[in-house]
Amino acid sequence: MLEDTAFLMADYEQRVQAQRTFFMKNKPFSLAYRVQQLTRLKQAVTANKSALIGALNVDLHKSEFEAYLTEVGFVLNELTDTIKHLKKWMKPKKVSTPYFLQPAKSHIHATPLGVCLIISPFNYPVSLCLSPLIAALAAGNTCIIKTSELTPNVSRVLTSLINATFASEYVHCISGEVEHVTALLAQKFDHIFFTGSSEVGKIVMQQAAKQLTPVTLELGGKSPCIVCADANIDIAVKRIVYGKMLNTGQTCVAPDYVLVDDSIKQTFLDKLVARITELYGDNAFNNEALGRIVNQRHTQRISELIEQDKVLVGGQFDIEQGYIAPTVMTNVDLSDAIMQQEIFGPVLPVLGFTNYDQVLQVIEHLPAHPLAAYIFSESKQTQALLNSKIQAGGIAINHCVQHLANPNLPFGGVGLSGIGSYHGKHGFDCFSHQKSVLSASTWLDLPLLYPPYKNKLSLLKRLFK
Ligand code: NAD
């Protein structure tokens, strides 16, 4: 083990050094170069579509539809969008210059950071690896990527796809267990982009702090779903079930739990049970739309959160097969185990409320700021009130999960749900330094700045007040 670690350390030190040399020699990569590399990536993903979708089915039992919607298609769309807009994103942005600095012009230049490390999780193993990579390359960086060891088939396809597409001094992909991350984190990177749990996020940030490396942390949390008395209940039920069951609940922004107004709670629960029965029948085991939990450890963990006497529908599980039936729980207390951690599975606790203060208390009582919050209400006033009071990475009103599909919206957490954001231009910015450039003219040189200062202070005080 010691030898392995020493070997990995030496190997990664060399790889990072090779990327740094390549970056320093060629920086900044031109627009043409970046577009060419992103186009190569697009061609490689297109050529490997079936292999990726097949691997997602083996590792997570993802249906072809979901695999395309949330992984392969998502990435292709992000590539198309980035290639189309990159010229505009790279253009220096002119900002005004105050009169006391005249004559001069001011611009903000988005400049690359250098050698970046991307660490990705298991739940969307393709999009959460390639989407940050697209942003990093668009911004003109080189990259080392670590895929998740929990989805070995996807990791295998991704590693060979990436390493066959790019020279290793530009982009290199690594699969493997945790010791690979440990060895990588001992190296000096210019930026670390981590997606995963808050626990591991803390480890990453601690290691990064040793070298003052900036981090983006895309973490998890408990995302509430608030259903108000005036909500369109049929739409709310459809969209909550969609958001919760997508990827079998293994979505960072899945509605974790529902808070429903007591006056409509019973109607809501009846419709929720009916919708789940309509979509998944009495036995969801062979339903092609329902995936599997990634491994036995997580299946066991989720099964232990289910209290059978609180189950309204579902509740069945098979640890060996990674199967958890779509489950609704009611009469749940905040002290129950299911409310004490991110569920990350197809189990939905439903709690009632009588006023919005209670809603806010529940959200604030839980240890983390939510990564997302969902508000179902037909009243603009209620939507605005809850939107202004809830601190969350993102909010969707009358829908679930969909906000992250808009590349014009930054995607990221707040507080314990994360640091920084990406997607579309926000991803480009995340992997760029915003360099301030003031360009002064020489035809005028006001003497105010220079010593001797005698008799200049009163003028300065008139200018700066
Ligand atoms: P994880 O934190 O267990 O693993 C993520 C990565 O960290 C993996 O590549 C893994 O190899 C590495 N890792 C694991 N243990 C480590 C350690 N001790 N030291 C160093 N590296 C280590 O996360 P996961 O289980 O793969 O993913 C699920 C979590 O990710 C959930 O909490 C979910 O909410 C979160 N998530 C967040 C987002 C987001 O965009 N905010 C997206 C997806 C998942």
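Starting from 1, residues in each chain are numbered consecutively following that chain's sequence as written. Two thresholds apply to this predicted model, a pLDDT of at least 70 for residue-level local features and 80 or more for giving and counting side-chain atom pairs, whereas whole-chain, interface and lining totals are computed over all residues. Hydrogens and water are ignored here; the side-chain numbers use all heavy atoms of the structure.

Before going further, it helps to spend a moment on the overall build of the protein. A run of H or I in DSSP counts as a helix once it spans at least four residues, and a run of E counts as a strand once it spans at least two, with each numbered from the N terminus. In terms of regular secondary structure, the protein is built from 15 helices and 18 strands. Throughout, radius of gyration means the C-alpha value; the globule benchmark is 2.2 Å times the number of residues raised to the power 0.38. A compact globule built from 465 residues should have a C-alpha radius of gyration of about 23 Å, and the protein, at 25 Å, falls within 12% of that. Seen along its three principal axes, the alpha-carbon backbone of the protein occupies a region of about 85 × 60 × 40 Å. Buried residues in the protein amount to 51% of all 465 residues. Excluding contacts between residues fewer than 6 apart, the proportion of contacts in the protein whose partners are at least 24 apart in sequence is 71%. When the accessible surface of the protein is summed, it comes to about 21500 Å², and 56% of that surface belongs to carbon and sulfur atoms. Once the 41 positive and 39 negative side-chain charges of the protein are each reduced to a mean point, those two points are 18 Å apart. Classification of residues uses two cut-offs on accessible area relative to the type maximum, computed with a 1.4 Å probe and protein chains only: under 20% is buried, over 50% is exposed, and between them is partly exposed. The contact rule is simple, with two residues in contact once any of their heavy atoms fall within 4.5 Å. Computed with the Shrake-Rupley method and a 1.4 Å probe, the accessible areas treat only the protein chains shown as cover for residues. We score Asp and Glu as negative and Lys and Arg as positive, and we do not count His or the chain ends. Charged groups are reduced to one reference atom each: NZ for lysine, CZ for arginine, CG for aspartic acid, CD for glutamic acid.

Turning our attention to the site of the ligand. Near the ligand lie 25 residues; those nearest to it are Ser120, Glu149, Ser197, Leu219 and Glu342. Calculation on the ligand without its partners gives an accessible area of 840 Å², and the protein chains cover 89% of this total. Breaking the shell around the ligand down by element, the ones donating at least two residues are helix H7 (178-185), strand E6 (191-195) and helix H8 (198-210). Under the scheme applied, nonpolar residues are Ala, Val, Leu, Ile, Met, Phe, Trp, Tyr, Cys and Pro; charged residues are Asp, Glu, Lys and Arg; polar residues are all the others, including Gly. Split by residue class, the shell around the ligand holds 14 nonpolar, 7 polar and 4 charged. Both domains that furnish three or more residues to the shell around the ligand are identified here as domain 1 (2-219 + 417-437) and domain 2 (223-412). Proximity is defined per residue: any heavy atom of the residue falling within 4 Å of a molecule or strand makes that residue near it. Domain delimitation in this document rests on an assignment produced automatically or drawn from a domain database.

Here we come to the sheet that holds strand E7 (residues 215-218). For two strands to count as paired, DSSP must find a minimum of two bridges between them. Taking strand neighbours across the sheet as the criterion, the 6 strands line up as E5-E4-E3-E6-E7-E17 in an open arrangement whose pairing is mixed. Two strands close off the open sheet at either side, each with one partner strand: strand E5 (171-174) and strand E17 (418-419). Of the strand pairs in this sheet, E6 and E7 are connected by 4 bridges, and their pairing is parallel. Bridging across to E7, Phe194 finds its partner in Leu217. Of the strands in this sheet, strand E4 (142-146) and E5 touch helix H6 (residues 152-165), which is tilted by about 160° from E5. All axes are obtained by fitting lines to C-alpha atoms, using only the stretch in contact for helices, and the reported angles, taken between N-to-C directions, cover 0 to 180 degrees.

Attention now goes to the pairing of strand E2 (residues 104-112). Two elements, strand E1 (residues 93-95) and E2, share 3 bridges in a ladder whose sense is antiparallel. Considered in E2, the bridge of Val95 is made with Ser106. Relative to strand E18 (residues 432-440), E2 runs antiparallel, the two being bridged by 9 bridges. Bridge pairing links Thr111 to His433 in E18.

Here we take up the domain arrangement of the protein. The assigned domain composition of the protein is domain 1 (2-219 + 417-437) and domain 2 (223-412). A separation of 30 Å is found between the C-alpha centroids of domain 1 and domain 2. Taken together, the contact pairs 25 residues of domain 1 with 27 residues of domain 2. Taken together, the two surfaces of domain 1 and domain 2 that pack against each other cover about 2100 Å², and 56% of this comes from carbon and sulfur. We count a salt bridge whenever a side-chain nitrogen from Lys or Arg sits within 4 Å of a carboxyl oxygen from Asp or Glu. Run the count over domain 1 and domain 2 and you get 0 salt bridges. Counting residues per element, the ones that place at least two in the side of domain 1 that touches domain 2 are helix H3 (49-60), helix H4 (64-90) and helix H14 (424-430). Tallying contributions element by element places H4 first for the side of domain 1 that touches domain 2, with 5 residues. Of the residues assigned to the side of domain 1 that touches domain 2, the class counts are 8 nonpolar, 11 polar and 6 charged. Buried area is calculated as the accessible area (1.4 Å probe) missing from two parts once they are joined, with the contributions of both summed.

With that settled, the discussion passes to the sheet that holds E1. Here 3 strands make up an open sheet; going across it, the order is E1-E2-E18 and the pairing antiparallel. Each edge of the open sheet is held by one strand with a lone partner, namely E1 and E18. The sheet shows a mean angle of 30° between the axes of neighbouring strands, taken without regard to direction.

With that out of the way, let us pick up the nonpolar core. We call a set of buried residues a nonpolar core when its members are Ala, Val, Leu, Ile, Met, Phe, Trp, Tyr or Cys and they connect through side-chain atoms within 4.5 Å of each other. Ranked by internal contacts, the top residues of the largest apolar core, which has 87 residues, are Leu130, Leu133, Ile162, Val227, Ile240 and Phe268. If one sorts the elements of this core by residue count, helix H5 (residues 127-138) sits on top with 9 residues. When residues of this core are sorted by domain, at least three fall in each of domain 1 (2-219 + 417-437) and domain 2 (223-412). Not counting chain neighbours up to four residues away, the residues in contact with Ile162 comprise Cys129, Leu130, Leu133, Ile145, Val171 and Cys173. Counting 27 residues, the second-largest nonpolar core is a separate cluster that includes Ile226, Met329, Ile338 and Ile390.

The final tally for this structure, using the stated rule, is 10 salt bridges. Glu307 serves as the salt-bridge partner of Lys310, at 3.6 Å between the closest nitrogen and oxygen. Accessibility expressed as a relative area gives 26% for Glu307, which makes it partly exposed. Taken together, the shared-partner salt bridges connect Glu307, Lys310 and Asp336 into one network.

Here helix H2 (residues 31-47) is 17 residues long and its end C-alpha atoms lie 24 Å apart, about the 24 Å a rise of 1.5 Å per residue gives. Within H2, the full set of buried residues consists of Arg34, Gln37, Leu38, Leu41, Ala44 and Val45. Considered in projection along H2, the buried side chains sweep an arc of 115° and stay on one side of the axis. For H2, the exposed residues set more than 90 degrees away from the buried face come down to Ala32, Gln43 and Ala47. Where the residues of H2 are buried, they touch H3, H4, E2, H5, H6 and H14. Here the expected length of a helix is defined as 1.5 Å per residue gap, with one fewer gap than residues. Here, the arc refers to the directions that run from the helix axis to the C-beta atoms.

This next bit is on a nonpolar patch on the surface. Only residues whose relative accessible area exceeds 30% and that take part in no salt bridge are eligible for patches, with like-charged residues grouped when within 9 Å of each other and nonpolar side chains (Val, Leu, Ile, Met, Phe, Trp, Tyr) grouped when within 5 Å. Residues Tyr99, Phe100, Leu101, Leu438, Leu457, Leu460 and Phe464 make up a contiguous nonpolar surface patch of about 690 Å² in total accessible area. By the secondary structure assignment, Leu457 is in helix H15 (residues 457-463).

Each aromatic ring pair is summarised here by two numbers: the centre-to-centre distance and the angle between the ring planes. Between rings of Phe, Tyr and Trp, where Trp is taken as its six-membered ring, a pair exists when centres lie within 6.5 Å; planes separated by under 30 degrees are stacked, by over 60 edge-to-face, and by other angles tilted. For the structure on display, the rule yields 16 aromatic pairs. Taking 5.9 Å as the distance between ring centres and 45° as the angle between the ring planes, the aromatic pair formed by Trp89 and Phe428 counts as tilted. With Trp89 in helix H4 and Phe428 in helix H14, this residue pair connects regions lying 339 residues apart in the sequence. Through a chain of ring-to-ring contacts, the aromatic side chains of Phe22, Phe23, Phe29, Tyr33, Phe166 and Tyr170 assemble into a single cluster. A ring has a charge above it when a Lys NZ or an Arg CZ is no more than 6 Å from the ring centre and no more than 35 degrees off the ring normal. Just above the ring of Phe285 sits the side chain of Arg292; from NZ or CZ to the centre is 4.5 Å.

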